[in-house]
Amino acid sequence: MNHEEVIAATREWIEKAVIGLNLCPFAKSVYVKNQVRIVVSDARHLDGFLEDLDRELDHLAEVDPEITDTTLLVHPTLFPDFLLFNDVLEIADEAITEHELDGVLQLASFHPDFQFEGTEPDDITNYTNRSPYPTLHLIREASIDKAVEAFPEAEEIYERNMETLQKLGIAGWKALGLTVSGATKKHGEE
């Protein structure tokens, strides 16, 4: 799988789900200004992926937010298992501390089989965090603060997203032309 295909699928997901469904009301402004950096990792093992993460943390620490506000670090093949990827998130959080970027950057994670605790694998609400490939989102805290000022009910986004996806359903998600996760496919959906 080449980088262009991975980036194209990630962009389609951003445009149709993240922005199109307004799952993140802050995403559109940086996306249309081309301030979202999408980096595809070719690492063959976890250590290599963490080196890619280190490079991206350094990049965001050094670059002007007007050039790159946020980074999506994507690996299309290394983390097929969601629970393993979730464990990597703890290590990635430690990397932020090691780079002395606590309070500057934070992480969000997305995965094709993302599952919130207490939900079934095929629960449509899991799709708020389902991406075409395992993805770490490196976010500037200053950007989050600005966005929250512009959207004072930010704490309501999570609930609104759940309602949006419950209304949409799997059929609606498929109608967007987006990938249906392996977890849902196992339960008879195509």
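Refer to the preceding data block for the structure.
The rules we used
Residues numbered from 1 in each chain as written. Predicted model: local features only at pLDDT ≥ 70, side-chain atom pairs only at ≥ 80, totals over all residues. Heavy atoms only, no water. 1 Å grid on protein atoms, 1.4 Å probe; cavity = no way out; pocket = protein on both sides within 12 Å on 5 of 7 lines; lining within 4 Å. Points joined across faces, edges and corners; volume = space filled by probe spheres on them. Helix = DSSP H or I, 4+ residues; strand = E, 2+ residues; numbered from the N terminus. Nonpolar A, V, L, I, M, F, W, Y, C, P; charged D, E, K, R; others polar. Buried < 20%, exposed > 50% of the residue type's maximum accessible area, 1.4 Å probe, protein only. Pairing = 2+ DSSP bridges. Axes fitted to C-alpha atoms, helices over the stretch in contact; angles between N-to-C directions. Contact = heavy atoms within 4.5 Å. Expected span 1.5 Å × (residues − 1). Bend = angle between axes of the 7 residues up to and from the residue. Polar contact = N/O pair within 3.5 Å; in protein donor to acceptor, adjacent residues only side chain to side chain.

Caption draft 1: Up close: the layout of surface pockets. Here the largest pocket defines a volume of roughly 1,100 Å³. Forming the walls of the largest pocket are 41 residues, and the residues nearest its centre are Cys24, Phe26, Ala27, His137 and Ile139. For the lining of the largest pocket, the secondary-structure elements that each account for two or more residues are helix H1 (3–19), helix H2 (27–32), strand E2 (70–74), strand E3 (105–110), strand E4 (135–140), helix H5 (141–150) and helix H6 (157–175). Here the lining of the largest pocket takes six residues from H5, the largest share from any one element. By residue class, the composition of the lining of the largest pocket is 27 nonpolar, 10 polar and four charged.

Caption draft 2: Layout of the pairing of E4. Burial analysis of E4 places six of its six residues in the buried class, the great majority of the element. A two-sided burial pattern is seen for E4, the buried positions comprising Thr135, His137 and Ile139 on one face and Leu136, Leu138 and Arg140 on the other. With five bridges joining them, E2 and E4 adopt antiparallel strand pairing. By the bridge assignment for E4, Leu73 is matched with Leu136.

Caption draft 3: Main features of the sheet that holds E3. Read from one edge of the open sheet, four strands run E1-E2-E4-E3, paired in mixed fashion. Because the sheet does not close on itself, it has two edges, and the strands there are strand E1 (36–40) and E3. Sheet twist, expressed as the mean angle between neighbouring strand axes with direction ignored, is 20°. Here E1 pairs with E2 via five bridges, running parallel. The residue bridging Val36 from the neighbouring strand is Thr70, located in E2. Sheet strands touched by H5: E3 and E4. Its angle to E4, the strand with the most contacts, is close to 70°.

Caption draft 4: View of H6. Between its terminal C-alpha atoms H6 stretches only 23 Å, short of the 27 Å expected from 19 residues at 1.5 Å a residue. At Gly169, H6 shows its maximal bend, which comes to roughly 90°. Looking at H6, one finds that the buried residues are Ile157, Asn161, Met162, Leu165, Gly169, Ile170, Gly172 and Trp173. Directly after H6, the chain includes Gly177, whose backbone phi takes a positive value near 85°.

Caption draft 5: Seen up close, the environment of His75. Turning to its location among the elements, His75 is positioned in the loop between E2 and helix H4 (82–98). Taking relative accessible area as the criterion, His75 reaches 3% and is therefore assigned buried. For the pair His75 and His3, spaced 72 residues apart in sequence, the C-alpha separation works out to 9.8 Å. Those residues within four positions of His75 in sequence are excluded, and the remaining contacts are Ser41, Asp42, Ala43, Phe49, Tyr133 and Pro134. A distance of 3.4 Å separates a polar side-chain atom of His75 from the backbone oxygen of Ser41. Among the polar contacts listed, one links the side chain of His75 to the backbone oxygen of Ala43, at a separation of 2.7 Å.

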